[in-house]
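This is what each chain is made of:
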Amino acid sequence: MDKTANQMLIIFGASGDLTARKLIPAIYNLYKGKHLPENFVVLGASRSNWTDDDFRKNVVKESTYLKDELATVDKDFITDFCDKIFYHVLDKDQDADFGSLNERITQLNKNYATDNNYIFYFSLPPAAYEPTAKNIYDQGLHKEDDGWKRVIVEKPFGYNLETAKNLNNALHRYFKEPQIFRIDHYLGKETVQNLLVTRFANSIFEPLWNRNYIHHVEITNAESVGVEKRGGYYDKSGALRDMFQNHLLQIVSLIIMEPPIGANAEEIRNEKVKALKSLRVMTTDKELHDNTIRAQYVSSVIDGENVKGYREEDGVDPDSTTETYAAIKFFVDNWRWADVPFYVRTAKRMPTKVTEVVIHFKSPHHQIFKESSLNNKDNKLVIRIQPDEGILIKFGVKVPGQGFEVERANLDFYYSSLVDTYVMTAYERLLLDAMQGDATLYARADEVEAAWAFVDPILNFWKNSDAKVYGYSAGVWGPKNADELIDGVSMWRNPCENLADDPGYCVIS
Ligand code: BG6
C-alpha cells in the first residue's frame with residue numbers, strides 16, 4: 001500500500017451538493033479506514049457565507065448523507081474528524097479574494113504541517129474552471145518547488161470536442177498534465193477496474209477476446225430515476241453527453257484496449273487512447289441515421305403512481321428534444337475487433353437500475369447438437385457493474401436423459417461473497433488515488449478528446465437533422481425502434497436487478 005503524504009484538500013464549490021453527498025462521506029470513510037495521512041486538512045471554499053462550524057455542521061454533523069454512519073461511532077471520533085475541516089468564504093470578486101484564500105491556505109499549512117502539498121478540487125460549474133485555475137496560478141499556488149500541487153476536475157469536461165480542447169488548453173496554461181486529474185466516477189467502481197483484471201490476469205478469456213470468437217458486445221446502462229432535480233443541467237446535456245461520452249466510453253475502452261505493457265498510469269492510458277481512436281467515427285447522415293437512436297420518456301403510471309414525462313420535469317423546456325435515452329451501434333476499426341458490432345445504450349426511467357456488459361460469443365463453428373444451437377443458447381459472459389456486482393458465464397450443459405438436449409447453465413461469481421473485504425466507494429478510491437498521485441483511474445487530456453471526437457458527429461446529426469426523438473413510457477425498456485438497431489443480430493438483454501435472473505422477470509421498483 002502506498003504511503004499518503006501529508007496534504008491539504010481545497011474544495012472549490014464546497015457548499016454545493018457534491019461536497020456533502022460524495023466528497024465528505026468519502027473522506028470520512030478514508031478517515032475511518034485510517035487511510036488519511038497523519039496531517040490532513042480539508043478547506044472548503046465557496047460563496048456561501050458560512051463559518052468553519054457551519055460547514056462542519058452542514059457537511060458532517062447534520063448531514064443526511066452521514067447520519068447512519070455517525071450513529072455508530074462516538075462523539076470524540078466525530079469531533080476529531082471535524083477538527084480537520086475548515087471553510088473559507090470566497091467573495092463574488094474572486095480575483096481579489098484569492099489573496100485571502102492564499103493566506104488562509106498558508107496559515108493552515110503552517111499550523112497543521114501539511115507540507116505544502118495541495119489538491120484543488122473543482123466542484124464547480126464548468127465555466128468557473130478556467131478562472132479558478134488562473135486565480136490559483138496567479139497566487140503562485142501551482143508551483144511545486146516545496147510540495148506537489150494537483151487539480152481534480154469534475155465532469156462535464158467540455159460540451160463537445162472544441163470546448164473540451166479549449167478547456168484542456170486553458171488548464172495546460174496553468175498546470176502541467178501530470179498535475180491534472182479528470183475524474184470519471186465510473187473508473188472508481190471496483191467492477192469497472194475488474195474489467196482489466198478479468199481480461200489480463202486470466203489466460204482463459206484473453207485468447208477468445210477478439211473477432212474470431214466474439215459475435216457482438218452489448219452494454220446497458222439503465223437508471224430507474226428520471227432527471228430528478230437536475231432538469232436545468234440535463235436539458236442542456238442529454239444522455240449522450242451525461243453518460244455515454246464519459247462513463248460508457250471509458251467502459252468501452254477497457255473492453256477493447258490492447259494489453260498494456262504494464263499496469264502503470266501512462267501505459268494503461270496509452271492503450272485506452274489508442275482504443276478510443278480506433279472507434280469508427282460515423283460521418284455520413286445514413287450511417288448516423290441507421291446506427292443511432294434517441295428518445296425521451298413520457299408520462300406513465302409506475303406502481304400506481306403517476307410519473308412525469310421528461311418535458312414536464314422542472315427546468316426542462318416543454319418543447320425539448322434532449323434525449324433521455326440513447327442507443328448507439330458502432331464498430332471498432334482495428335485487427336482485433338473488425339466487423340464486431342457494439343451496441344451501447346443508456347437511459348433514465350427504465351424498469352430498473354443496472355449497468356452491465358455482455359460479451360456474446362459466436363456459435364460453435366461446427367454444430368453437432370443442431371436442435372439446441374439456438375442463438376440464445378450461445379455462450380455469454382455477463383460482467384455486472386452494478387448492482388449485484390459480479391460475473392456470470394452462460395454455457396451449455398446436457399440435460400440428463402436420452403439424447404443430447406442442451407440447456408443453458410450459469411457459472412457465477414458475486415462480489416458480495418467476499419464478505420470480509422470492504423469495497424471502497426468510487427469517490428473514496430479516486431480521492432485516495434489522487435492523494436497518492438496515481439492517475440491510472442483518471443482520464444488524460446487526449447483520452448477525453450478522443451471520446452468527444454467519436455461523439456461529436458452524433459450530437460451534430462441529432463441537432464441539425466430531422467432525426468426523430470422517439471417517446472417511451474417511463475418504466476419500460478426504451479422505444480420499440482431501439483429493437484431494430486440490434487435486430488438480426490440478437491435481442492437486447494433487458495437485465496434484472498439480480499445478475500443470475502434471466503431477462504423478462506424484472507420488477508419495477
Ligand atoms: C452521473 C450522471 O455522472 O452519473 C447522472 O450525471 C447519473 O445523470 C450518474 O445518474 C449515474 O451514476 P451511478 O454511479 O449511479 O451509475
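Up top you'll find the structure we're talking about.
Along every chain, residues carry numbers that run from 1 in the direction the sequence is written. Thresholds applied to this predicted model are a pLDDT of at least 70 for local features of residues and 80 or more for the giving and counting of side-chain atom pairs; totals over whole chains, interfaces and linings are not thresholded and use all residues. As a rule here, side-chain values come from all non-hydrogen atoms in the structure, and water together with hydrogens is ignored.

Q: How would you sum up helix 1 (residues 17-32)? Please name residues and give values.
A: With 16 residues, helix 1 should reach 22 Å at 1.5 Å per residue; the first-to-last C-alpha distance of 22 Å fits that figure. Exposure categories follow from relative accessible area, calculated using a 1.4 Å probe and restricted to protein chains: below 20% of the type maximum is buried, above 50% is exposed, and the middle band is partly exposed. Strands are runs of DSSP state E lasting at least two residues, helices are runs of H or I lasting at least four, and both sets are numbered from the N terminus onward. Buried residues of helix 1: Leu18, Thr19, Ala20, Leu23, Ile24, Pro25, Ala26, Ile27, Tyr28, Asn29, Leu30 and Tyr31, and no others. Of the residues one or two after helix 1, lysine 34 is the one with positive phi, at around 60 degrees. In this analysis, the expected span of each helix is defined as 1.5 Å times one less than the number of residues it contains.

Q: Please provide a residue-by-residue account of the nonpolar core, values included.
A: Remark: nonpolar core denotes a set of buried residues (Ala, Val, Leu, Ile, Met, Phe, Trp, Tyr, Cys) joined through side-chain atoms within 4.5 Å. By size, the foremost hydrophobic cluster in this structure holds 151 residues, and its most contacted members are Phe12, Phe122 and Phe330. Top element by residues in this core is helix 10 (residues 239-256). It accounts for eleven residues. Any two residues whose heavy atoms approach within 4.5 Å at even a single point are treated as in contact. When neighbours within four sequence positions are excluded, phenylalanine 12 is seen to be in contact with Ala45, Leu90, Phe98, Leu101, Phe120, Tyr121, Phe122, Ser123, Leu124, Thr132 and Ile136.

Q: Let's hear about the pattern of salt bridges: which residues, and what values?
A: Here, a salt bridge means any Lys or Arg side-chain nitrogen found within 4 Å of an Asp or Glu carboxyl oxygen. The tally for this structure, following the rule as stated, stands at 27 salt bridges. Among the salt bridges present, the one from arginine 104 reaches aspartate 52, with a minimum N-O distance of 3.1 Å. With arginine 104 in helix 5 (residues 94-112) and aspartate 52 in helix 2 (residues 52-61), the pair connects residues that are 52 residues apart, well separated along the chain. Here arginine 104 falls in the partly exposed class, since its relative accessible area comes to 22%. On the basis of relative accessible area, aspartate 52 is assigned to the partly exposed category, the value being 22%. Among the ionic pairs, aspartate 242 bridges to arginine 230, the shortest N-O distance being 3.9 Å. Separated by twelve residues along the polypeptide, aspartate 242 in helix 10 and arginine 230 in the loop between strand 7 (214-222) and helix 9 (231-235) bring together distant segments of the chain.

Q: Summarise the sheet that holds strand 2 (residues 40-46); cite the residues concerned and give the values.
A: For two strands to be treated as a pair, DSSP must find at least two bridges joining them. Taken together, the six strands give an open sheet; going across it, the order is 3-2-1-4-5-6, and neighbouring strands pair in parallel fashion. Both outer strands of the open sheet, strand 3 (85-89) and strand 6 (180-182), are each paired with one neighbouring strand and no more. Across this sheet, the average inter-strand angle for adjacent strands is 20 degrees, counted without regard to direction. Two elements, strand 1 (residues 7-12) and strand 4 (residues 118-122), share five bridges in a ladder whose sense is parallel. Opposite leucine 9, over in strand 4, you have isoleucine 119 as the bridge partner. What counts as an axis is a line fitted to C-alpha atoms, over the stretch in contact for a helix, and the angles between N-to-C directions run from 0 to 180 degrees.

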